[in-house]
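# Remarks on the overall topology
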Amino acid sequence: MKKHNTLKVVLITLLTFLVLSWIFTSAYYSNGYVEQGRIQMGLFDVFSYPVTAISYFGYIALYVFAIGMFYGVLNHISAYRVMIDKLAKSFKGKEKIALAVIMIILAIITSFTGLNLALLLLFPFIISLVLVMGYDKIVAALTTVGSVVVGVMGTTFAYNNTSILASALSLKVTSGMVYKIIILVLGLAILIVNTIIYINKMAKRSKEDTKELEAYIPEVVNAKESKTTKIWPLVLVCDLILVVMILGFIPWSAVFGVTLFDDVTSAVTGFTVPAFVALLVLLLIINIVLFVKKKNKHAYIIDAAVAIVTIVILIGRYLVKAKLFKTLVSALSVDFAIFGKFLGTVKSFGNWSLTDISLLVILGAIILAMIYKVKCDDVFDGMINGIKKSIVPAILVVLVYFGLVIVTYHPFQLPIYKAIFGLTKGFNVFTSTIVAIIATVFNSDPMYVFNSVVPYLVSLVTNTKVYPVIWVLYQSVSGLTMFVAPTSIVLLLTLFYLDIPYKKWLKTVWKLTLEILVVLLIVCTIALAIV
């Protein structure tokens, strides 16, 4: 099956946005509804907007490349396949429970931290595990995409995803928390039950299906080595990466008022020593590395450099008062922020982005390669192959955000929302649901979804008591729409990776999506009645 299906879906969506810019008038909300007339998208925009998308959202494409590099290295480590086989063996007879646990963990992490895009790092591993356990690609997609979608629906403390709602509605993150948790729990229950129903109806694999699925399962690198290789270093490094990701995205100061990580980061990056101390430390580290590698001749040169620097400092400070020595000593005595200079701009936990995680992932791949003594050539080959496999997914990311640039620079969506809101008075659950769905299709990023409609809606709804319901509705419906929207990054990348046609996916999940939507409408209607 050709893997161009997902690409076609995105291109058709972009063409639709272009046409809509010619049909509808444009408007935006800024302390009032401002009409702009028609702002049509032109030919030159088709070529300039992707550049804009890259400049604003290129870091997401970079993250996709980082994931490719990570798994490119893992595929050269025999412990990776051994770990998957051992996990699958330990889950034997309890596969459905294992799937449910995976879904619950992913959903809770997403709900609490907002790692909906960052968790793409785990998808290839989870998909391989699900396939080794005997299930098909649809089950793998339901397990990964489904759990992240439910986590977004039931977002609790993920400030990155909901900061616009908090600002526009002047509410705390804890507002409507009971309803958010109810949606998270019910969403997970419906997802798990529907996945199990699909599994029970799933046909047995044919030989052709088995061969096709082997492409998603890492090969055995070395059969002899696999019998003795230890998997605990791989598990430890991967767990540390996940823990750091979670710590990096939890809104410590913004939501919980915890400034510990901000203070520690400032202290570490601001720590200074005299420049000559930093130089001596660097030379000593190089010296140690050379001795470990048994390059003694080079080490002696470094020793000589250390001795020279030390002698210059001593002479300049205590013996000779010549101008040359004073200048050297003065230069070498300047305060030097050793960690700040070496690390560069470091964000504290709670303020991380995908850019920071990209570096973390690449460092993790290098550390694993060193632990398992992967040859340098194999490391480079693995990373290059990973980059090659990530080119089309990265292009998909850019194209999806190209669509976001279109609807931002040609704001035809607000007049559509205004017309829908005009069908009812005040806040209405059903009209708002329709608007939330459309806004999520137009805007691939949650912040842009909420910013495109909620400030205007607030100007129409003066009863502040219903604001928590507005938050819950837009958050949950927008999250659910990501399950089927042709602009959902998590969905599109997964469908492309698994080579699942978009139409087949819609045919598979439409009932599940409808069931969750009905539950959301019931919860929001009850919440509105209680207000």
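Since this is a predicted model, take the numbers as computed values, not measurements.

Turning our eyes to something else, we now look at the overall build of the protein. In terms of regular secondary structure, the protein is built from 25 helices and four strands. Counting all 531 residues of the protein, 50% fall into the buried class. In the protein, of all internal contacts separated by at least 6 residues, the share reaching a separation of at least 24 is 83%.

Its location among the elements puts L517 in helix α25 (residues 502-530). Relative accessible area serves as the criterion here: at 18%, L517 is assigned to the buried category. As a C-alpha pair, L517 and G187 span 330 residues in sequence and 9.5 Å in three-dimensional space. Sequence-distant contacts of L517, defined by excluding residues within four places in its chain, comprise T433 and L480.

Glancing now at the side chain of Q413. Its place among the elements puts Q413 in helix α20 (residues 413-421). Take Q413: its relative accessible area is 6%, and that puts it in the buried class. A polar contact is formed between the side chain of Q413 and the side chain of Y417, at a distance of 2.6 Å. If sequence neighbours within four positions are ignored, Q413 has contacts with V407, F442, N443 and S452.

With that out of the way, let us pick up the packing of aromatic side chains. Two aromatic rings are characterised by how far apart their centres lie and by the angle between their planes. Evaluation of the coordinates by the stated rule reveals 21 aromatic pairs. Both rings, one in Y29 and one in Y456, keep their centres 6.0 Å apart while their planes meet at 65°; by these two values the pair is edge-to-face. Within this pair, whereas Y29 is found in strand β1 (residues 26-29), its partner Y456 is found in helix α22 (residues 446-460), the two being separated by 427 residues in sequence. Overall, the relative accessible area of 7% leaves Y456 in the buried class. On the basis of an interplanar angle of 65° and a centroid distance of 5.3 Å, the ring pair of F112 and F157 is categorised as edge-to-face. In this pair, F112 is assigned in helix α4 (residues 95-113) and F157 in the loop between α6 (137-153) and α7 (159-169), connecting sequence segments 45 residues apart. Here the aromatic cluster, defined as three or more aromatic residues joined through ring pairs, consists of F112, F157, W252, F256, F261, F349 and W352. Here the basic side chain of K418 rests over the ring of Y33, its NZ or CZ set 4.1 Å away from the ring centre.

To continue, consider the layout of surface pockets. By volume, the largest pocket is sized at about 1,200 Å³. If you trace the largest pocket, you find 42 residues lining it, with Y71, G72, N75, K389 and Y497 closest to the centre. Every element with two or more residues in the lining of the largest pocket is listed here: α2 (43-74), α3 (78-90), α5 (123-132), α19 (376-409) and α24 (489-498). Considering each element in turn, the lining of the largest pocket owes the most residues, eight residues, to α19. Across the lining of the largest pocket, the residue classes tally to 22 nonpolar, twelve polar and eight charged.

Of all residues except glycine, most have a negative phi; of all peptide bonds, most are trans. The backbone of S170 sits at a positive phi, close to 55°, despite the residue not being glycine. One can find S170 in the loop between α7 and α8 (177-201). With phi around 55°, K373 is a residue other than glycine that occupies positive phi space. As for its placement among the helices and strands, K373 is situated in the loop between α18 (354-371) and α19. Given a relative accessible area of 72%, K373 falls into the exposed group.

All right, on to α2 then. The first and last C-alpha atoms of α2 sit 43 Å apart over 32 residues, in line with the 46 Å expected at 1.5 Å per residue. Along its length, α2 shows its largest kink, about 75°, at F57.

Turning to a nonpolar patch on the surface, a few remarks are in order. Where nonpolar side chains cluster on the molecular surface, the patch consists of L260, V264, V268, F271, F339, F342, L343 and V346 and spans about 750 Å² of accessible area. Listing elements by their share of the nonpolar patch, those giving two or more residues are α13 (260-270) and α17 (338-343).

Among the nonpolar cores identified, the biggest contains 158 residues, and I357, Y474 and W505 are the most heavily contacted of them. Excluding anything up to four places from it in sequence, I357 contacts Y63, L115, A118, M245, F249 and W352.

Conventions we followed
Residues numbered from 1 in each chain as written. Predicted model: local features only at pLDDT ≥ 70, side-chain atom pairs only at ≥ 80, totals over all residues. Heavy atoms only, no water. Helix = DSSP H or I, 4+ residues; strand = E, 2+ residues; numbered from the N terminus. Buried < 20%, exposed > 50% of the residue type's maximum accessible area, 1.4 Å probe, protein only. Contact = heavy atoms within 4.5 Å. Polar contact = N/O pair within 3.5 Å; in protein donor to acceptor, adjacent residues only side chain to side chain. Phe/Tyr/Trp six-rings, centres within 6.5 Å; stacked < 30°, edge-to-face > 60°. Lys NZ or Arg CZ within 6 Å of the ring centre and 35° of its normal. 1 Å grid on protein atoms, 1.4 Å probe; cavity = no way out; pocket = protein on both sides within 12 Å on 5 of 7 lines; lining within 4 Å. Points joined across faces, edges and corners; volume = space filled by probe spheres on them. Nonpolar A, V, L, I, M, F, W, Y, C, P; charged D, E, K, R; others polar. Expected span 1.5 Å × (residues − 1). Bend = angle between axes of the 7 residues up to and from the residue. Patch = residues over 30% accessible without salt bridge, like charges linked within 9 Å, V, L, I, M, F, W, Y side chains within 5 Å. Areas by Shrake-Rupley, 256 points an atom, 1.4 Å probe, with all protein chains shown as cover. Salt bridge = Lys/Arg side-chain N within 4 Å of Asp/Glu carboxyl O. Core = buried A, V, L, I, M, F, W, Y, C linked by side-chain atoms within 4.5 Å.

In short, geometric facts, not functional conclusions.
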